[in-house]
Structures are given as structure tokens and as C-alpha cells.
Amino acid sequence: LYRIKTPTSLPTFLLIGPSAAGKTALLTALERGSPIPTHTSTSPLSVQALLPEEYVPSSASYRSPGDPAFERARRFVLYDTPGHGKLRHFATTQLVNPTNIQGIIFVVDAAAVAEDVGLNETAEYMHDVLLALQKRYTGNRTSKGPKEIPLLIAANKLDLFTALPPHLVKISLEKAITEVRKSRVKGMKDSGVGVDGADEGLGEEKEWLGDGGEGVFEFGQMEEVGTNVSVRGGNVVGGQGSDVKDWWEWIAEQL
Ligand code: GTP
Ligand code: MG
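Not measured: the values here are computed from a predicted model. (Residues numbered from 1 in each chain as written. Chains lettered and ligands numbered in written order. Predicted model: local features only at pLDDT ≥ 70, side-chain atom pairs only at ≥ 80, totals over all residues. Heavy atoms only, no water.)

Student: Go over the overall build of the chain, please, and point to the residues and values.
Tutor: Scanning the chain from terminus to terminus reveals seven helices and six strands. Secondary structure of the chain in N-to-C order comes out as β-α-β-α-β-α-β-α-β-α-α-β-α. Relative to the globule expectation of 18 Å for 255 residues, the C-alpha radius of gyration of the chain, 19 Å, shows essentially globular dimensions. Principal-axis analysis of the C-alpha atoms places the extent of the chain at approximately 65 × 55 × 35 Å. In the chain, which comprises 255 residues, the share counted as buried stands at 44%. (Helix = DSSP H or I, 4+ residues; strand = E, 2+ residues; numbered from the N terminus. Rg over C-alpha atoms; globule rule 2.2 N^0.38 Å. Buried < 20%, exposed > 50% of the residue type's maximum accessible area, 1.4 Å probe, protein only.)

Student: Could you give an account of the side chain of N156, with specific residues and numbers?
Tutor: Inspection of the secondary structure assignment puts N156 in strand β5 (residues 151-156). Beyond its immediate sequence surroundings of up to four residues, N156 is in contact with A21, G22, V107, V108, D109, A110, G234, N235, V236 and W247. (Contact = heavy atoms within 4.5 Å.)

Student: Can you lay out the sheet that holds strand β2 (residues 45-50) for me, pointing to particular residues and giving the numbers?
Tutor: Pairing is mixed in the open sheet, where six strands are placed in the order β2-β3-β1-β4-β5-β6. The sheet is open, and its two borders are formed by β2 and β6 (229-233), each paired with just one other strand. On average, each strand axis in the sheet is inclined to that of its neighbour by 25°, with strand direction left out of account. Direction of pairing for strand β4 (residues 101-109) relative to β5: parallel, over a ladder of six bridges. Within the sheet, the bridge partner assigned to F106 lies in β5 and is I153. Of the strands in this sheet, β1 (12-16), β2, β3 (75-80) and β4 touch helix α1 (residues 23-32), which is tilted by about 35° from β2. Against the sheet, helix α4 (residues 116-138) contacts β1, β4 and β5, and its axis sits at roughly 165° relative to β4. (Pairing = 2+ DSSP bridges. Axes fitted to C-alpha atoms, helices over the stretch in contact; angles between N-to-C directions.)

Student: Provide a residue-level description of the packing of aromatic side chains, including the pertinent values.
Tutor: Counted under the stated rule, the structure contains six aromatic pairs. Taking the centre distance of 6.2 Å and the plane angle of 35° together, the rings of Y55 and W248 count as tilted. Of the two residues, Y55 is situated in the loop between β2 and α2 (68-72) and W248 in helix α7 (residues 245-254); the sequence distance between them amounts to 193 residues. The two residues Y55 and W248 agree in class, both being buried. A centroid spacing of 6.1 Å and a plane angle of 75° characterise the contact between F76 and W248, whose relative ring orientation is edge-to-face. With F76 in strand β3 and W248 in helix α7, this residue pair connects regions lying 172 residues apart in the sequence. (Phe/Tyr/Trp six-rings, centres within 6.5 Å; stacked < 30°, edge-to-face > 60°.)

Student: I'd like a description of the coordination of the magnesium ion (ligand 2), backed by residues and values.
Tutor: The magnesium ion (ligand 2) binds to the protein through T24 (OG1) and S41 (OG), with metal-donor distances spanning 2.0 to 2.1 Å. Here T24 is found in helix α1, whereas its partner S41 is found in the loop between α1 and β2, with 17 residues between them in sequence. For the pair formed by T24 and S41, the shared burial category is buried. (Donors = N, O, S within 2.8 Å, 3.2 Å for Na, K, Ca; no water.)

Student: Give a detailed account of the pattern of salt bridges, specifying residues and quantitative values.
Tutor: A complete count under the given rule lists eight salt bridges for this structure. Notably, a salt bridge pairs K135 with E207, separated by 3.0 Å at the nearest N-O pair. You can see K135 sitting in helix α4 and its partner E207 sitting in helix α6 (residues 202-207), a full 72 residues away along the chain. In this structure K135 comes out as partly exposed when scored by relative accessible area, which is 37%. For E253, the salt bridge identified is with R232, shortest N-O distance 3.1 Å. Residue E253 is located in helix α7, and its partner R232 is located in strand β6; the two are separated by 21 residues in the primary sequence. Since its relative accessible area comes to 21%, R232 is described here as partly exposed. (Salt bridge = Lys/Arg side-chain N within 4 Å of Asp/Glu carboxyl O.)

Student: For the environment of E53, give the residues involved together with the corresponding values.
Tutor: For E53, the location among the structural elements is in the loop between β2 and α2. For the pair formed by E53 and Q102, sequence separation is 49 residues and the distance between their alpha carbons is 20 Å.

Student: Give me the lowdown on the side chain of E174, citing residues and values where you can.
Tutor: If you trace the backbone, E174 turns up in helix α5 (residues 166-191). For E174, a relative accessible area of 11% gives the class buried. Dropping the residues within four chain positions of it, E174 is found in contact with F217, E218 and F219.

Student: Give me the confidence of the model for the chain: which residues, what numbers.
Tutor: Confidence in the prediction of the chain, expressed as mean pLDDT, is 89, and 91% of residues score 70 or more. Low pLDDT (under 50) marks residues 195-200, which in the prediction has three contacts with non-local residues, meaning those over four places away or in another chain. (pLDDT = per-residue confidence, 0-100.)

Student: A description of the pairing of β3 should follow, citing residues and the corresponding values.
Tutor: Extensive coverage of β3 is indicated by the burial of five of its six residues. By the bridge criterion, four bridges tie β1 to β3 in an arrangement that is parallel. Counterpart to L14 in the pairing with β3 is Y79. Bridge analysis of β2 against β3 gives six bridges, and the strand direction is antiparallel. Counted as the bridge partner of S46 is Y79 from β3.

This is the structure in C-alpha cells:
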């Protein structure tokens with residue numbers, strides 16, 4: 001007796017980022033081709049989407065259009081999460097054991113990160129996401145080894161004249177994450193965690209994002225723990241229409 005092979009679960013991209021960055025708007029734009037109005041999310045939302053014809057899934061680059069494998073490789077799932085500070089467990093629990101997660105899209109409001117308040121809020125959340133990815137990698141005990149999980153920083157809202165260009169979004173976030181990293185370790189020391197015990201220093205090391213140095217944090221340090229970070233800009237809505245091309249390119253590279 002032959003059994004019909006159950007379809008393997010589709011590659012999933014996790015949408016993460018602070019509230020109002022544009023995650024749900026991006027989800028609707030990728031799912032439907034153009035965005036629809038959104039409300040702040042209070043629960044996760046999962047939809048299926050299809051890579052448009054003008055992009056080539058990297059796993060199928062040697063196949064021709066019409067080949068079933070080529071068409072199959074275009075299908076993926078977007079998993080949107082609420083950005084509100086009290087609802088981030090929906091996103092962070094996904095990072096503990098991200099079996100079918102093919103990549104993470106961290107959506108950033110490029111105008112909000114031009115101001116200290118927005119920058120710090122974004123950097124804190126991003127620090128915690130990156131630290132969770134690092135812990136997943138270093139804590140892996142399976143023989144296969146942990147899989148790579150790339151992360152796209154989608155610098156959104158570039159239609160706004162106050163928005164920072166992507167290369168400045170990157171530099172600003174690296175600086176701000178450097179500060180978050182310092183203050184988190186200081187917070188632990190002040191509370192006595194990881195100090196005075198037999199495991200002195202160990203707890204600290206586990207909570208320290210990136211390489212052990214005291215210098216600045218750079219996204220390139222995440223390579224060592226299986227996460228390639230790239231920063232690409234665009235806008236989901238805006239007067240000139242939406243521009244999500246660079247993000248589609250990135251998704252195609254991961255499929
Ligand atoms: P939470 O669900 O609260 O986590 O927020 P979210 O990240 O899902 O934000 P959402 O997609 O709901 O977008 C928030 C607001 O930003 C909406 O009013 C969108 O129309 C607006 N927005 C999204 N993308 C852009 C953009 O590229 N440019 C401009 N100007 N506004 C945008
Ligand atoms: Mg939302």
C-alpha cells in the first residue's frame with residue numbers, strides 16, 4: 001500500500017517589530033499585491049502568500065517556470081505578531097524552537113528611529129530577538145546542529161521625509177543595541193544575578209549579545225550564531241504607491 005505523502009509544512013517568515021512599524025500592512029501588501037488599512041494587532045495572524053513571477057526562488061533557480069517544483073517553491077507563510085510591549089510573547093515564543101521558520105522580517109519605522117524614543121524602543125526589542133536567536137544557536141544540543149535563520153531589517157516608511165535611509169538605520173541601531181547590551185548586563189549585576197556564585201561570569205556571558213568584546217555591537221557578529229542580518233528599505237504605503245521590491249528579493253533569496 002502506498003501512502004500519499006503529507007505535504008511538508010511551508011517555509012514561514014515571522015513578522016516582528018514594535019507597534020505601528022507596519023507589519024500587518026506589509027502582510028496585506030505581500031499577500032494581496034497592495035496594502036489595506038490595518039488596526040493595531042492583538043493576536044498573531046498567519047496567511048499564505050506566493051512569490052510573484054518576476055522573482056526567482058533561490059532553491060529553484062535551475063528549474064524552469066511551469067516545473068511543479070518551481071511553482072511549489074513560491075509558496076510560503078507569513079506569521080504576523082503584535083508589537084505592543086505586553087503582547088510580544090506571541091513573537092518571542094516562536095523563537096524558542098523555530099522549526100519551520102525560514103527567516104525573520106523585523107519591520108522598523110525608519111522615521112521613528114530618527115528620534116531617540118523610537119530608536120531605543122526598537123533597539124531594545126531587536127536586542128532581545130537577536131539574543132533569543134543567539135541562545136537558540138549556542139544552546140543547541142542536536143547532532144544536526146542548529147539551522148541558519150536569516151533576519152531582514154525592513155526599513156519601512158521611506159516615503160516619509162523624516163525617515164532615515166537604510167544605511168543610517170543600520171548604524172543607528174547598532175549603536176543603540178550596543179547601549180542596550182551594556183545596560184542589560186549592568187542591570188543583572190545590580191540585581192546580583194550571575195555574581196558571587198560558582199557560575200560567576202557564566203550567566204553574564206550567556207546574556208551578552210554578540211562577540212565578547214567591549215566594543216560596539218555590529219550585526220555582522222550574528223553570523224557566528226547562524227543569523228545573517230541584512231537591512232533593506234522600502235515603503236508599504238505612501239503617496240507614490242508602495243515599494244516592496246527589495247523585500248521580495250530578500251524573500252526570494254531565502255526560498
Ligand atoms: P502592531 O499591530 O500594533 O504591532 O503594528 P503594525 O506593525 O502591525 O503596524 P500596521 O501595519 O498596523 O501599521 C501602522 C500604521 O503605519 C498604519 O496606519 C499604516 O498605514 C502605516 N504605515 C505602514 N507602512 C507605512 C509606510 O510605508 N509609510 C507610511 N507613511 N505609513 C505606513
Ligand atoms: Mg499589526
